[in-house]
Amino acid sequence: MSTQHLWLRCEKKEFERRSALTPTTAKKLIDAGFQISVERDEQRIFDDVEFEAVGCTLVDNSSWPTAPTDALIIGLKELPASQEPLPHTHIQFAHCYKRQAGWSSVLARFHKGGGTLYDLEFLTDATGRRVAAFGYHAGFAGAAAGALALAARRSGEKLGHLEPYENETAMIEGVKNTLGGSAKGVKALVIGALGRCGRGAVDLFRKIGLSEDDILKWDMAETAKGGPFQEILDVDIFVNCIYLSSFIPPFLGKDQIIAAGQNRRLSVVVDVSCDTTNPFNPIPIYSINTTFSEPTVPVDLGQDLPLLSVISIDHLPTLLPREASEQFSNDLLPSLLELPRRKTKRVWTDAEKLFHEKQKEAIAAEGL
């Protein structure tokens, strides 16, 4: 069997510091017989020398298009928009299987180049659970960003540029200090509280000082009656952590918010799920993703109503880049070790089957 070649590409999304591979997981792959190429990247949380020290081969930044076609290109976030054909096999979050904006043009690039996409979001175990996900850290970081936005609002300011934290402890202390030492008295509602993402949000709220009674933990049972939900307007921070796969009634709507007038308590909505361009978005009160440099967007409610801000950053875990990367890459490792046998291993055969199904839809949509 020939040596399996994995090529870790750099991330081009602004402020993205996470990595699909870490020096720890790269070493385990090398020990298992893999060849690992790592693109030099000053933005990545791990220094190039950390990868070099465990036996990886360093290559030029953004050089993956010239990699041997038998090298599997691994990354996290989507590739920059382009019409260039993709002849390689890519492992990444492509954000194109749920008909997000531009979905068909992304998949058309693989059709034109003959490449394959293994979408990280759809690598699942035998029970249908994702083998690796950033959910916990997304919820944890999203709740932190929401608390920071609330503190800024109470000071009559807009939340400024968000910077990554060294670790969870630093994040917790930083948020508590911004809130004046504790978040006691703040009330929050988390929808999707039983999932990885929701658990992360709930944990952050606990650790910054919210009382248990002030953390409303909703999941499918609480939302079964269908939205919109008045209860969302009665908290300071609402965090959406659901995994959206089909239409559901909106949780919150502009008319509902406007009707509440001056009596609304809600100040910050954190849409961790970030289905901004999904036609089934259950929070249809905003239309753009926010960024680390501009973390919030105001909801257009007209004049004379209290400000309502939305955080819709689609890579929140990069606020904790080292811890999030280590957790995710370690969870992904058992599946990566099966790559040399991907034509027979279920996690990869299922992912390839789904790719071909979605690509067929894209070909029809693009008229190819």
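That block above? That's the structure.
Note that this is a predicted model, so its numbers are computed, not measured.

**Here we look at the environment of A94**
Take A94: it is sitting in the loop between β5 (89-92) and α3 (103-113). Assessed through its relative accessible area of 4%, A94 is described here as buried. Between the C-alpha atoms of A94 and A183, which are 89 residues apart in sequence, the distance is 36 Å. For A94, the residues in contact, after removing those within four places along its chain, are E78, L117 and D119.

**Quick word on the sheet that holds β5**
Reading across the sheet, the six strands line up as β3-β2-β1-β4-β5-β6 and stay open at both edges, with parallel pairing between neighbours. In this open sheet, the two strands that pair with only one neighbour each are β3 (57-59) and β6 (116-119). For this sheet the average axis-to-axis angle between neighbouring strands, irrespective of direction, equals 25 degrees.

**A closer look at the pattern of salt bridges**
If you walk through the whole model with that rule in mind, you get 19 salt bridges. Across the pair R44 and D48 runs a salt bridge whose closest N-O atoms are separated by 3.8 Å. Of the residues examined, D48 reaches a relative accessible area of 17% and is grouped as buried. One salt bridge in this structure joins K217 and E212, with 3.0 Å as the shortest N-O distance. With a relative accessible area of 39%, E212 lands in the partly exposed category. Salt bridges sharing common partners tie together D203, R206, E212 and K217.

**Some points on the pairing of strand β9 (residues 237-240)**
On β9, burial covers both faces: I237 and V239 on one face and F238 and N240 on the other are all buried. Where strand β7 (residues 188-191) lies against β9, four bridges are found, and the strand directions are parallel. Considered in β9, the bridge of V190 is made with V239. A crossover links β9 with its parallel partner strand β10 (residues 268-271), the connecting element being helix α8 (residues 254-260), and its sense is right-handed.

**As for the sheet that holds strand β12 (residues 309-311)**
Strands sit in the order β8-β7-β9-β10-β12-β11 across an open sheet of six strands; the sheet is mixed. Lying at the two open borders of the sheet, with one neighbouring strand each, are β8 (215-218) and β11 (297-298). Relative to β10, β9 runs parallel, the two sharing four bridges. Considered in β10, the bridge of I237 is made with V268.

**What to know about helix α10 (residues 346-366)**
Over its 21 residues, α10 extends 30 Å from the first C-alpha to the last, a length consistent with the 30 Å expected when each residue adds 1.5 Å. Residues V347, W348, A351, E352, L354, F355, K358, Q359 and A362 constitute the buried set of α10. Down the axis, α10 shows its buried residues gathered within 165 degrees of arc, on one side only. Residues of α10 that are exposed and point over 90 degrees away from its buried face: K353, K360 and A364.

**Concerning the nonpolar core**
If you look at the biggest cluster of nonpolar residues, it comprises 43 residues, and the most contacted ones within it are F205, I208, I237 and V239. Sorting the residues of this core by element identifies α4 (135-154), α5 (168-178), β7, α6 (196-207), β9 and β10 as the ones contributing at least two each. Of all the elements, α4 adds the most residues to this core, at twelve residues. Judged by nonpolar contacts, the second largest core, of 34 residues, contains L72, L76, F134 and A324.

Conventions we followed
- Residues numbered from 1 in each chain as written.
- Predicted model: local features only at pLDDT ≥ 70, side-chain atom pairs only at ≥ 80, totals over all residues.
- Heavy atoms only, no water.
- Helix = DSSP H or I, 4+ residues; strand = E, 2+ residues; numbered from the N terminus.
- Buried < 20%, exposed > 50% of the residue type's maximum accessible area, 1.4 Å probe, protein only.
- Contact = heavy atoms within 4.5 Å.
- Pairing = 2+ DSSP bridges.
- Axes fitted to C-alpha atoms, helices over the stretch in contact; angles between N-to-C directions.
- Salt bridge = Lys/Arg side-chain N within 4 Å of Asp/Glu carboxyl O.
- Right-handed = clockwise from strand over helix to strand, strands pointing away.
- Expected span 1.5 Å × (residues − 1).
- Arc of directions from axis to C-beta.
- Core = buried A, V, L, I, M, F, W, Y, C linked by side-chain atoms within 4.5 Å.

All we've got here are geometric facts, nothing functional implied.
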